[in-house]
Amino acid sequence: MKVLRGIDEWRRFRATSTGSLGFVPTLGGLHEGHAALIQRAAAENDLAVVSLFLNPTQFDDPGDLASYPASLGDDLAYAEAQGAGAVLAPNREAIYADGFRFKVEESPLSRELCGAHRPGHFSGVLTVVLKLLNLVKPDRAYFGEKDYQQLELIRGMAQAFFIEAEIVACPTVRDADGLALSSRNARLDAAGRALAPRLREALSVPASDGRVADTLAGLGFEVDYVATRFGRRLAAASIGNGEARVRLIDNIPLAQVRASGGESGEVPA
Ligand code: PAF
């Protein structure tokens, strides 16, 4: 597996690579959710490329950025084991040589749901994804459905800016108890880890979004929102306080809410 740290080095490598390229952008902290994306990129393309870039502009909370569990050595070994043929791991100065003077802004969706609770977050995400797509020039780029609002925004941006890469949505990977895999799960303490799967469980109950939010609050979550959009029910909620606070997001298709049975008459529209 090739590891490329500099932009010029990457460009030289890209110029020589032939065949189709599947791209998996990541913040690092790779887990089985990323493994599914990398394996799919490797299966559907001649070359799978992973980027490891802990993008500072999408972190509205400096504590969250500082405690993000990414280790370059571990991530490189993990990406290679999943079938990556190359990794792009640039530094912040290389990606933000402009000092973040130029950025992608979207509205209204980027200001809603997670965007209402994380000011500037999606501008940071869209800006870095556009930069990476321009550098990597993939045929296909793979994103997880766990970050569904992010996926919708990236799809919209790709269309708006005539990006030729196909944006491929991949199903959420879950632990056996239903918890959606996330790098931040590593920061949950034992009590938090025991509570976390209840988020997915509550989302599946065919009650109104308000009732689901009340249920989660009753269980001890601090709820940012429960909402029905894009034919799915989405939620963001935190567990714990202060430094130990971990924010989780999840979503499931409405078909799964309806299929799960239980109370009637309050299924979201
Ligand atoms: O979903 C992520 O891991 C990040 O938001 C992404 C798409 C790699 C951009 O930094």
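Higher on the page you've got the structure.
Residues numbered from 1 in each chain as written. Predicted model: local features only at pLDDT ≥ 70, side-chain atom pairs only at ≥ 80, totals over all residues. Heavy atoms only, no water.

Undergrad: Account for the overall build of the protein chain, with residues named and values stated.
TA: Summing up its helical and strand segments, the protein chain has twelve helices and nine strands in all. Taking 2.2 N^0.38 as the reference for a compact globule, 269 residues should give roughly 18 Å; the C-alpha atoms of the protein chain span a radius of gyration of 19 Å, in line with that estimate. Each principal axis of the C-alpha distribution contributes one length, and for the protein chain these read about 60 × 35 × 35 Å. Across the 269 residues that make up the protein chain, the buried fraction comes to 52%. Counted over contacts in the protein chain with a minimum sequence separation of 6, partners at least 24 positions apart contribute 70%. For the protein chain, the computed accessible surface area is about 12200 Å², with 51% contributed by carbon and sulfur atoms. Taking the average location of the 29 positive side-chain charges in the protein chain and that of its 34 negative ones, the two points are 3 Å from each other. (Helix = DSSP H or I, 4+ residues; strand = E, 2+ residues; numbered from the N terminus. Rg over C-alpha atoms; globule rule 2.2 N^0.38 Å. Buried < 20%, exposed > 50% of the residue type's maximum accessible area, 1.4 Å probe, protein only. Contact = heavy atoms within 4.5 Å. Areas by Shrake-Rupley, 256 points an atom, 1.4 Å probe, with all protein chains shown as cover. Lys, Arg positive; Asp, Glu negative; His and termini not counted. Charge placed at Lys NZ, Arg CZ, Asp CG, Glu CD.)

Undergrad: Describe the nonpolar core, and please don't skip the residues or the numbers.
TA: By size, the foremost hydrophobic cluster in this structure holds 44 residues, and its most contacted members are W10, F23, V49, I95, V129 and V136. Of all the elements, helix α7 (residues 121–136) adds the most residues to this core, at ten residues. Among all residues touching V136, those that are not within four sequence positions of it are W10, R14, L21, F23, V49 and L88. Core analysis: the next-biggest nonpolar cluster, separate from the first, contains 21 residues, A207, F221, V226 and A237 among them. (Core = buried A, V, L, I, M, F, W, Y, C linked by side-chain atoms within 4.5 Å.)

Undergrad: Tell me what's going on with the state of the cysteines, and back it up with residues and numbers.
TA: Taken as a whole, this structure holds zero disulfides when the rule is applied. Cysteine C114 remains unbridged, with the sulfur of C170 as its closest cysteine sulfur at 19 Å. (Disulfide = S-S within 2.5 Å.)

Undergrad: How would you summarise the site of the ligand if you had to cite specific residues and measurements?
TA: Looking at the ligand, the residues that line it are P25, T26, L27, Q58, V128, V129, F143 and Q150. The contact in question runs from an oxygen atom of the ligand to an N or O atom on the side chain of Q150, over 2.8 Å. Here the ligand, which alone exposes 290 Å², has 88% of that area covered by the protein. Those elements that place two or more of their residues in the shell around the ligand are β2 (21–26) and α7. (Near = heavy atom within 4 Å. Polar contact = N/O pair within 3.5 Å; in protein donor to acceptor, adjacent residues only side chain to side chain.)

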